[in-house]
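Survey of secondary and tertiary structure
Residues per chain are reported as follows:
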Amino acid sequence: MKPSVLATFRRYGIDPRKAIRAMKDLTVSIHCWQLDDVSGFENSGDLTGGIQSTGDHFGKARNFEELTADLDEALSHIPGKKKINLHAIYQAGDHVVDRSEIGPEQFTRWVEYAKARGLGLDYNPTLFSHPMVKEGLTLSSPDKDVRDYWIKHVKNSLKVTEYFGRELGQKALCNIWIPDGLKEVPADRKGPRARLKESLDEILADGYNRAAMDVSVESKVFGIGVESYTVGSHEFYMGYALKNNVLCLLDTGHFHPTENVADKISSVLLYSPRLALHVSRPVRWDSDHVLKLDDNLQEVADELVKNDALKKTYVGLDYFDGSLNRVAAIVIGSRNMYKAVLKALCTPWALLKEAQDTYDHTKQLMLQEEIRDLPYTEVWKEYCRQQGVEEDASWYEKVAAYEANVLSKRN
Ligand code: RNT
Ligand code: ZN
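These numbers come from a predicted model, not from an experiment. (Residues numbered from 1 in each chain as written. Chains lettered and ligands numbered in written order. Predicted model: local features only at pLDDT ≥ 70, side-chain atom pairs only at ≥ 80, totals over all residues. Heavy atoms only, no water.)

Some thoughts on helix 1 (residues 3–10)
- The complete set of buried residues in helix 1 reads V5, L6 and F9. Around the axis of helix 1, the buried residues are gathered within 100° of arc, so they sit on the same side. Across from the buried face of helix 1, at angles greater than 90 degrees, the exposed residues are P3 and R10.
- Residues of helix 1 that are buried sit in contact with helix 2 (16–22) and helix 13 (376–387). (Buried < 20%, exposed > 50% of the residue type's maximum accessible area, 1.4 Å probe, protein only. Helix = DSSP H or I, 4+ residues; strand = E, 2+ residues; numbered from the N terminus. Arc of directions from axis to C-beta. Contact = heavy atoms within 4.5 Å.)

In structure tokens:
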């Protein structure tokens, strides 16, 4: 880095070289499902569960080989430590097995893939896009057969996750999200929640190896077709997580649009030793747009740094846009996540906090505005150089060539 860049940061008490070193504490879990619009390898039909992917850009990955090839292309342009976030529907055994039967054997190829590249893996049971989702309900269904079916699936998911953690020597996360909710105002709000609580208790009853994995529960405010009531609301899961020593997963698209999800991080961390995130970009609703380096993303990264939470947080990405080159979508969103954290690490929080705590609101505002102009780009470029990835838009030429040579040949 140029001495002038270092000098500029030094004036604020920041050493960008230290910031780059601190990036080792960040691991981003890159979601595989952007590459195929959450289709998976089961041929399970349309995406259901109140979530939607729109757009039909060509070149969507159709199987394990295509998806991992696309991932390799994307990963070669992303700096930093990475994991891959999988869903049960990405089972890759010799033949497709029923959801209730999916276990570690269906993921040996993924473990080999991850081992060969020094990646970690995370896991999500898939409780959507399936005929056993009855009337939109799974673990909270009034139908015991339905609940039991999904309880089995999630119990097996804990085994898959434990297998990932053990094999890869890196703790894995099993994140539970269910679509359960109602289109119309419910007659009974408590019943489904009580059933969900009971199902979760049963899932966790056998325990799991906490050295190899964590479990998180993901809340939501509403989904398409389930606008009036979501069983797994934020309050429900926040209570459940704290009481049962599992993690609360905050998806940045799962709250009312005027809520600041970054603001929740410091509260959760006062009561829970660890946190899980799905970083997304909601546009008017939980639309799962590709991450832009906007204020919302920056504030999430700022909170992770200020709360010294990089090591305590499972940072997962969760978006899926089918209207553009899906490999580029992974690269753009992921690079933005790392960039936001690096920028947060180059911010003079001590100075800002001092201004706040001494009631110097004018200085605080002045600083907040002046530091926008610090040469963060130079630090990002240096970080990318050290990581052996492109420091600028030149990665796009390679992804465009991949689109011409590989993606455009798929139909
Ligand atoms: C849905 C949740 C959930 C999914 C993925 C595919 O609203 O955000 O996390 O997006 O599991
Ligand atoms: Zn999510």
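Picking up where we left off.
Section: the layout of surface pockets
- Volume-wise, the largest pocket comes out at about 830 Å³.
- The wall of the largest pocket is formed by 24 residues, among which D302, K306, W349, L352 and Q368 lie closest to the centre.
- At the level of secondary structure, the elements contributing two or more residues to the lining of the largest pocket comprise helix 9 (295–306), helix 11 (349–357) and helix 12 (361–370).
- It is helix 9 that contributes the most residues to the lining of the largest pocket, seven residues altogether.
- Of the residues in the lining of the largest pocket, the class split is six nonpolar, seven polar and 11 charged.
- In this structure, the second largest pocket spans a volume of roughly 390 Å³.
- Lining the second largest pocket are 23 residues, with T252, P257, E259, P282 and N296 positioned closest to its centre.
- Secondary structure elements with two or more residues in the lining of the second largest pocket: strand 10 (281–283), strand 11 (285–289) and helix 9. (1 Å grid on protein atoms, 1.4 Å probe; cavity = no way out; pocket = protein on both sides within 12 Å on 5 of 7 lines; lining within 4 Å. Points joined across faces, edges and corners; volume = space filled by probe spheres on them. Nonpolar A, V, L, I, M, F, W, Y, C, P; charged D, E, K, R; others polar.)

Focus: the environment of S280
- Note that S280 resides in the loop between strand 9 (275–279) and strand 10.
- With relative accessibility at 8%, the residue S280 sits in the buried group.
- Apart from the residues within four sequence positions on either side, S280 is in contact with D251, T252, G253, D288, L291, D318 and Y319.
- Here D288 takes part through its side chain, which lies 2.9 Å from a polar atom of the side chain of S280.
- Looking at S280, its side chain comes within polar contact range of the main-chain oxygen of D318, at 2.7 Å. (Polar contact = N/O pair within 3.5 Å; in protein donor to acceptor, adjacent residues only side chain to side chain.)

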